[in-house]
Amino acid sequence: MTYELEIQIEELRAELRNAVDGAERRQIQAELEIAQAELAIAAAEMEGLVEAEPPF
């Protein structure tokens, strides 16, 4: 799962570098931030820092 997120992040970064329209840049930036947050969560889950299931 993390590999796919890393690929997605790199693709979004490339799109962001090539985007010229302001609205498009904001949309890509938002998607990039979400993907980076998902990657951080996935990495924390893999390292056992966060539980994937709720405690109840």
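Please refer to the structure higher up on the page.
Because the structure is a prediction, the values reported are computed rather than measured. (Residues numbered from 1 in each chain as written. Predicted model: local features only at pLDDT ≥ 70, side-chain atom pairs only at ≥ 80, totals over all residues. Heavy atoms only, no water.)

Undergrad: What am I meant to see in the overall build of the protein chain here?
TA: A tally of helices and strands in the protein chain yields 2 helices and 0 strands. Scored against the burial criterion, the 56 residues of the protein chain give a buried share of 21%. In the protein chain, the share of contacts with a sequence separation of at least 24, taken over all contacts with a separation of at least 6, comes to 47%. As presented, the protein chain carries roughly 4400 Å² of accessible surface, and 55% of it is formed by carbon and sulfur atoms. (Helix = DSSP H or I, 4+ residues; strand = E, 2+ residues; numbered from the N terminus. Buried < 20%, exposed > 50% of the residue type's maximum accessible area, 1.4 Å probe, protein only. Contact = heavy atoms within 4.5 Å. Areas by Shrake-Rupley, 256 points an atom, 1.4 Å probe, with all protein chains shown as cover.)

Undergrad: Explain the pattern of salt bridges to me, please; I cannot follow it from the model alone.
TA: Two side chains with opposite charge may pair up if their charged atoms get near one another. As enumerated under the stated definition, the model contains 1 salt bridge in all. One salt bridge in this structure joins Arg-13 and Glu-10, with 2.8 Å as the shortest N-O distance. In this pair, Arg-13 and Glu-10 are both assigned in helix α1 (residues 2-18), 3 residues apart and thus about one turn of the helix distant. The exposure class assigned to Arg-13 is partly exposed, which follows from its relative accessible area of 33%. (Salt bridge = Lys/Arg side-chain N within 4 Å of Asp/Glu carboxyl O.)

Undergrad: Would you mind going over the nonpolar core with me for this structure?
TA: Taken as a class, soluble globular proteins show a tendency for nonpolar side chains to be buried jointly. By size, the foremost hydrophobic cluster in this structure holds 10 residues: Leu-5, Ile-9, Leu-12, Leu-16, Ala-19, Ile-28, Leu-32, Ala-35, Leu-39 and Ala-42. Listed by contribution, the elements that provide at least two residues to this core are α1 and α2 (22-46). When residues of this core are assigned to their parent elements, the largest contribution, 5 residues, is made by α2. Aside from chain neighbours lying at most four places away, what touches Leu-12 is Ile-28, Glu-31, Leu-32 and Ala-35. (Core = buried A, V, L, I, M, F, W, Y, C linked by side-chain atoms within 4.5 Å.)

Undergrad: I keep staring at the side chain of Thr-2 and nothing clicks. Help me out?
TA: Locating Thr-2 in the fold gives a position in helix α1. Given a relative accessible area of 19%, Thr-2 falls into the buried group. Beyond its immediate stretch of four places on either side in the chain, Thr-2 contacts Leu-39, Ala-42, Ala-43 and Met-46.

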